[in-house]
Amino acid sequence: MYCFTCLEIRAEDILSGKSYKHLTLGELQSSAANGCPLCAFLLQHTLPALRRPLAPGEVLQIFLEQHSSQYRFKREVTSSNREEVSRLNDEDDKFRETGIAAQSGYFSKLIAVVGRPELSPLVEAAVVERELCYVALEFCTESGEGEGEGIFEDNVARLVRQDPRDPRCYEMISSWVRTCWEGHDCGPTTDTPLPTRVLEIGRIGEPNFRLIISNGRKGRYVALSHCWGKRPTTTTTVKNIAEHLKSIVLDALPANFRDAVIISRELGYKYLWIDSLCIIQGDRDDWVTESSLMGQVYQNCAVMLAASGANDSYGGMLNPRAESCAFPNSKLFLAPKRRPNQDLEDSELGSRAWTSQERILAPRIIYYSAEQILWECRSDRRAEVTTQTLYDTYQSYNKRYHDQLNIPTAGVYEDEDEGEDNSEDQDEVDEKVLRPEGWFWAIQGYSRRHLTNPTDKLPALSGLAQNVFHPRRATGGRYLAGLWSNDILRQLLWENGEDRVASFCEANYVSASSLRYITKLSKAKTYRAPSWSWVAYDGPINNDRVNDRVIPQPGVDAEHWERSQRLNLRVIEIDIRLASKDPFGQVQEGSNIVVEGMCQYVAFRPGHKTLFADGQVECLWNFDVREMGELEGEYLCLQVGRKRGTLRRGLEGDPEALVKHRLDEIGVRCLVLQGTDGTGMWERVGVLTFDVAGEADSGWEKKTLTLI
């Protein structure tokens, strides 16, 4: 039974901008204990969010108020250790300076604010203690539509049911799948060859299923994307494969695997692929073969299940979600705010390296997050919390990368009956040429992700590389341990990306330690690739400066082209030593390239911003391992190319920004090299950009070098 205070609240008033002064925390506890469901709901969500326990005799008040999506807030901690919250307008210069991301979404946000009883509402720029909390809530209806015309029409979400096994959840997913199959061109819509081994999962309610060897059989199958985690999980091995081919007990499996079987059965599929059960673990030859086919497995699946709410195999996908509460005197429910554009990268699954290519290549994805179920295909994005499409505002992840990488839309496989390739038409494939920027963006995100086995850096990307290297179309040429030979000059100029991470943290008021991905670049402890490849490192790299102006194109500027041709690096010989038959897999130590270019020895001193002792040529150093920037040393600088650009307006009055911009946009780009003892070979240790005035210095000479 609702308390008198809750019965007085009108949803219309809140959505119109009125702030309700609710009970104090002490009164809220008493009301919840007496059975008021709304007070119990508010207590459940506000009390754990407090940053400190209540002091003896302290009184804190609950405010309920509307937070419109167009408001932006600036938070500043004052000298008296108080946090000032003030609203900013879109056109406010302070908003642009602070870099605070806009609060956005399809629904208005209801906030439960905990504060002093005498404080004014948050939207009136109140000054509040930093220990207080803000809890985002939202109004929901069963259908996701308002109660008739008026203020509710655009301000309610669809109710997320507490039990994801509710038949209505499966009906919603089936409608998403059906819409894609019937109206989109996102991938295979017919039976495709099954993977080498696949799980034949049987019917709903059956206690067992089995592993089968496909032997060229075709069908529609589901693929699971999940985190293994640190705990031992169920696997297929040489010892138990015969047993798995006979029967696997459903209830004996970790929650992720069990739930994947249940969901796939409910959606009407007969086959399921799970890596740990369909690849023989501990068999090196089988792993090398099957890992090289993993890209095809995900690209040819009917749909992929992503266990994005689970941190390991035992996390599960069918766990209860947060409860909602019926709102008094209406058909509305009150629920925790769920983002329709939920960032799926901000999860344990999104931080794992193997899942990067899985998400790009899978034609259709069903995400089971801790908050809700989400859908993504190359033509649409959907969320359980809304009936509206999200695609117009938030383009799908794999669609974005497919466009940038020009990956064929359909799965690529040989039809044994017809002897024909069932991928896209010949003319369509031939027109798809690799866009280097797409590869830059893909590896930039991939580089930050974690690997349980560090030697998997190349294998975990091989499926994507195979799709970029389609044998019937123009590509990036030969694959060179994470780089492409046809664009080698630009791709050699990747940089340490720690500054980008720091900028993100500053703009979003988060610490680097709170991020799930790797935030610091370090050299891998075991050999994975030559030093000139980003694969040799763990952590964030940056390709923002590696754009189409690094290496000028013929016909753009004849004089500039002639000059740049003389300066640019020339690759003479490539020696990539593969560790297996997979041309996109692991490489062996000794892989190298031989290059010819303009070189000069340059002394480095910490804080040094000029290239030569005369101080006339400005420069920017970016070491691959930042600690090297704290030590003096002498390095060989190898010119790679000169950038073209135009002066950005508004920098004329800022000398330091002007220098940095000039170097970024029209500077000469070099690799910083360090000799290896007694071998006559060179390792990359960083990147250097210097002012074009340095080209005229007499110290530059042409050398032929072997880079390892």
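Anything mentioned here points back to the structure above.
Residues numbered from 1 in each chain as written. Predicted model: local features only at pLDDT ≥ 70, side-chain atom pairs only at ≥ 80, totals over all residues. Heavy atoms only, no water.

**Quick notes on the pattern of salt bridges**
- Throughout the structure, instances matching the rule amount to 26 salt bridges.
- In this structure, the salt-bridge partner of Asp163 is Arg165, at a minimum N-O distance of 3.1 Å.
- Between Asp380 and Arg382 there is a salt bridge whose closest N-O contact spans 2.9 Å.
- With a relative accessible area of 8%, Asp380 lands in the buried category.
- For Arg382, a relative accessible area of 22% translates into the label partly exposed.
- Beyond isolated ion pairs, a larger network of salt bridges with shared partners links Glu200, Arg210 and Arg217. (Salt bridge = Lys/Arg side-chain N within 4 Å of Asp/Glu carboxyl O. Buried < 20%, exposed > 50% of the residue type's maximum accessible area, 1.4 Å probe, protein only.)

**As for unusual backbone geometry**
- Even without glycine at this site, Asn329 takes up a positive phi of about 65°.
- With respect to the secondary-structure elements, Asn329 resides in the loop between β17 (325–326) and β18 (333–336).
- Judged by its relative accessible area of 58%, Asn329 is exposed. (Helix = DSSP H or I, 4+ residues; strand = E, 2+ residues; numbered from the N terminus.)

**Some remarks on the packing of aromatic side chains**
- As enumerated under the stated definition, the model contains 17 aromatic pairs in all.
- Consider the rings of Trp621 and Phe623, whose centres lie 5.7 Å apart with planes at 15°: the pair is stacked.
- Owing to a relative accessible area of 16%, Trp621 belongs among the buried residues under this scheme.
- Following the ring pairs from residue to residue traces out a cluster consisting of Trp439, Tyr479, Trp484 and Phe584. (Phe/Tyr/Trp six-rings, centres within 6.5 Å; stacked < 30°, edge-to-face > 60°.)

**Section: the environment of Val198**
- Note on placement: Val198 falls in strand β10 (residues 197–200).
- Expressed as a C-alpha distance, the spacing of Val198 and Arg210, which sit 12 residues apart in the sequence, is 8.7 Å.
- Once residues within four sequence positions are removed from consideration, Val198 is found in contact with Arg210, Leu211, Ile212, Tyr271, Leu272, Trp273 and Cys278. (Contact = heavy atoms within 4.5 Å.)

**Comments concerning the side chain of Ser276**
- Among the secondary structure elements, Ser276 is positioned in helix α9 (residues 275–278).
- On the basis of relative accessible area, Ser276 is assigned to the buried category, the value being 0%.
- The residues contacting Ser276, other than those within four sequence positions of it, are Trp228, Thr234, Thr235, Thr236, Phe257 and Gln281.

**Comments concerning the side chain of Asn622**
- Here Asn622 lies in strand β32 (residues 619–623).
- Note on Asn622: relative accessible area 12%, which makes it buried.
- Looking at Asn622, its side chain comes within polar contact range of the side chain of Glu495, at 3.4 Å.
- Within the structure, Asn622 has its side chain in polar contact with the side chain of Arg626 (distance 3.1 Å).
- What Asn622 contacts, discounting residues up to four positions off in sequence, is Glu495, Asn496, Gly686 and Val687. (Polar contact = N/O pair within 3.5 Å; in protein donor to acceptor, adjacent residues only side chain to side chain.)

**Digging into the sheet that holds strand β20 (residues 373–377)**
- Strand order across the open sheet formed by 9 strands is β14-β11-β10-β15-β13-β16-β19-β20-β21, with mixed pairing between neighbours. The open sheet has two edge strands, β14 (248–249) and β21 (381–383), and neither has a second partner.
- Here strand β19 (residues 364–368) pairs with β20 via 5 bridges, running antiparallel. Its bridge partner being in β20, Tyr368 is matched across the sheet by Ile373. (Pairing = 2+ DSSP bridges.)

**Some words on helix α3 (residues 25–33)**
- What α3 keeps buried is the set Leu25, Leu28, Ser31 and Ala32. All buried residues of α3 lie within an arc of 120° about the axis, which places them on one face of the element.
- Looking at the residues trailing α3, positive phi occurs at Gly35, about 105°. (Arc of directions from axis to C-beta.)

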